[in-house]
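Structure at a glance
If you want the building blocks of each chain, they are given just below.
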Amino acid sequence: MKVIVTGSYDESCAVVAEMIKDLVVSKPNAKLGLATGGTPVPIYKKLIAMNEAGEVDFSAVHTVNLDEYCGLSGDNPQSYRYFMEKHLFSQVNLPQGSTHLPNGTAPDMEAEARRYEALVESLGYADLQLLGIGHNGHIGFNEPCESFPAAVHPVELTESTIQANSRLFDRVEDVPTRAITMGIGTILKARRILLIAGADKREIVEKALTGPITPWVPASVLQLHRDVTVITCGE
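Computed from a prediction, not measured in an experiment: that's the story for all the values here. Counting starts from 1 at the beginning of each chain's written sequence and moves along it residue by residue. Given that the model is predicted, a residue must reach a pLDDT of at least 70 before its local features are reported, and side-chain atom pairs must reach 80 or more before they are shown or counted; all residues, however, enter totals for whole chains, interfaces and linings. Each side-chain value is derived from all of the structure's non-hydrogen atoms; neither hydrogens nor water enter the calculation.

Quick look at the nonpolar core now. One finds Leu-32, Ile-43, Tyr-44 and Phe-58 to be the most contacted residues of the largest nonpolar core, which totals 42 residues. The way it works is that DSSP assigns letters per residue, a run of H or I at least four long becomes a helix, a run of E at least two long becomes a strand, and they are numbered from the N terminus. Secondary structure elements with two or more residues in this core: α1 (9–26), β2 (31–34), α2 (41–52), α3 (80–87), β6 (128–131) and β9 (193–197). The element that contributes the greatest number of residues to this core is α1, accounting for seven residues. It only takes one pair of heavy atoms within 4.5 Å for two residues to be counted as in contact. Look past the residues within four positions of Ile-43 in its chain and what remains in contact with it is Cys-13, Val-16, Ala-17, Ile-20, Leu-130 and Ile-196. For our purposes a nonpolar core is just a set of buried Ala, Val, Leu, Ile, Met, Phe, Trp, Tyr and Cys residues, chained together by side-chain atoms within 4.5 Å. Any residue under 20% of the maximum accessible area for its type is buried, any over 50% is exposed, and the rest in between are partly exposed; the area is computed with a 1.4 Å probe on protein chains only. The next biggest cluster of nonpolar side chains, apart from the first, holds 34 residues, and it includes Tyr-125, Ile-139, Ala-190 and Leu-222.

Below, the structure is given as structure tokens:
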């Protein structure tokens, strides 16, 4: 595991964007595992600028996102599909049909989990998986629990995650209580993992990287992966 400590969060995002650019330049048909939330937005802005400047071409890239809220359609402004379209997909030259997220309105979430797992497998898993980390150590929506989920699955969100995500909703009551997410096993099949965290996540990052490997700190499982880079900042 490699740890990079930068002088600022913006510098961390620049490091990550450069790593993603370098991958796509060297492998134009790369599979990118992407994340949502406030953490990656500055990264996506930098990738958009690189694409506009002709530094990177996404025309042969496929993307797979970690998760989606249950009950929200892709045209709902609070859905992760809408988020990705707004902050990245619609602003770079990703071809239609090359971006993938779970279907949050599927009538059978267990069946949707199996479909999305099969899709991710059929694409060859991610060449690079981008991750954030929750204050409780969750990656994707894999919350602290008794075991590491192997595959894509629906999950009940913890109260701490609901509260953390409520900043993006008008009321905490509007935050969905369920989501569908890649499992820990799915995430670990990525060839390379980048975890980015701000200074406010320093305590949980240290716990995940140096503490025992336990499903009660889901990110601790990254200690077992062959190629993980953690990018964090000192302020």
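Turning next to the packing of α1 against α2. Orientation is described by lines fitted to C-alpha atoms, with helices fitted over the stretch in contact, and by angles between N-to-C directions that extend from 0 to 180 degrees. Across the interface, α1 lies against α2 with an axial gap of 8 Å and an inter-helix angle of 50 degrees. In terms of orientation, α1 lies oblique with respect to α2. As α1 packs across α2, the resulting crossing turns out to be right-handed. Contact residues: Tyr-9, Asp-10, Cys-13, Ala-14, Val-16, Ala-17, Glu-18, Ile-20 and Lys-21 in α1; Pro-42, Ile-43, Lys-46, Leu-47 and Met-50 in α2. Counted by class, the contact of α1 with α2 contains ten nonpolar, no polar and four charged residues. Orientation is classified from the angle alone, with under 35 degrees giving roughly parallel, over 145 giving roughly antiparallel, 65 to 115 giving roughly perpendicular, and any other angle giving oblique. Crossing handedness is defined as follows: a turn of the near helix away from the far one that is anticlockwise and smaller than a right angle gives a left-handed crossing, while the clockwise case is right-handed. Residues are grouped as follows: Ala, Val, Leu, Ile, Met, Phe, Trp, Tyr, Cys and Pro are nonpolar; Asp, Glu, Lys and Arg are charged; every other residue, Gly included, is polar.

When the terminal C-alpha atoms of α2 are compared, their 17 Å separation across twelve residues agrees well with the 16 Å that a helix rising 1.5 Å per residue should span. Residues of α2 that are buried in the fold lie against α1, β2, α3, β6 and β9. Where α2 ends, the next residue or the one after it, Gly-54, has phi of about 80 degrees, a positive value. A helix is expected to span 1.5 Å for every residue after the first.

Our next topic: the environment of Leu-157. Inspection of the secondary structure assignment puts Leu-157 in the loop between β7 (153–156) and α5 (159–165). Considered as a pair, Leu-157 and Phe-58 are 99 residues apart in the sequence and their alpha carbons are 33 Å apart.

On to the packing of α2 against α3, then. For the pair α2 and α3, the least separation of the axes is 10 Å and the interaxial angle reads 40 degrees. One way to sum up the angle between α2 and α3 is to call them oblique. Within the contact between the two elements, α2 uses Val-41, Tyr-44 and Ile-48 and α3 uses Phe-83, Met-84 and His-87. Partitioning the contact of α2 with α3 into residue classes produces five nonpolar, one polar and no charged.

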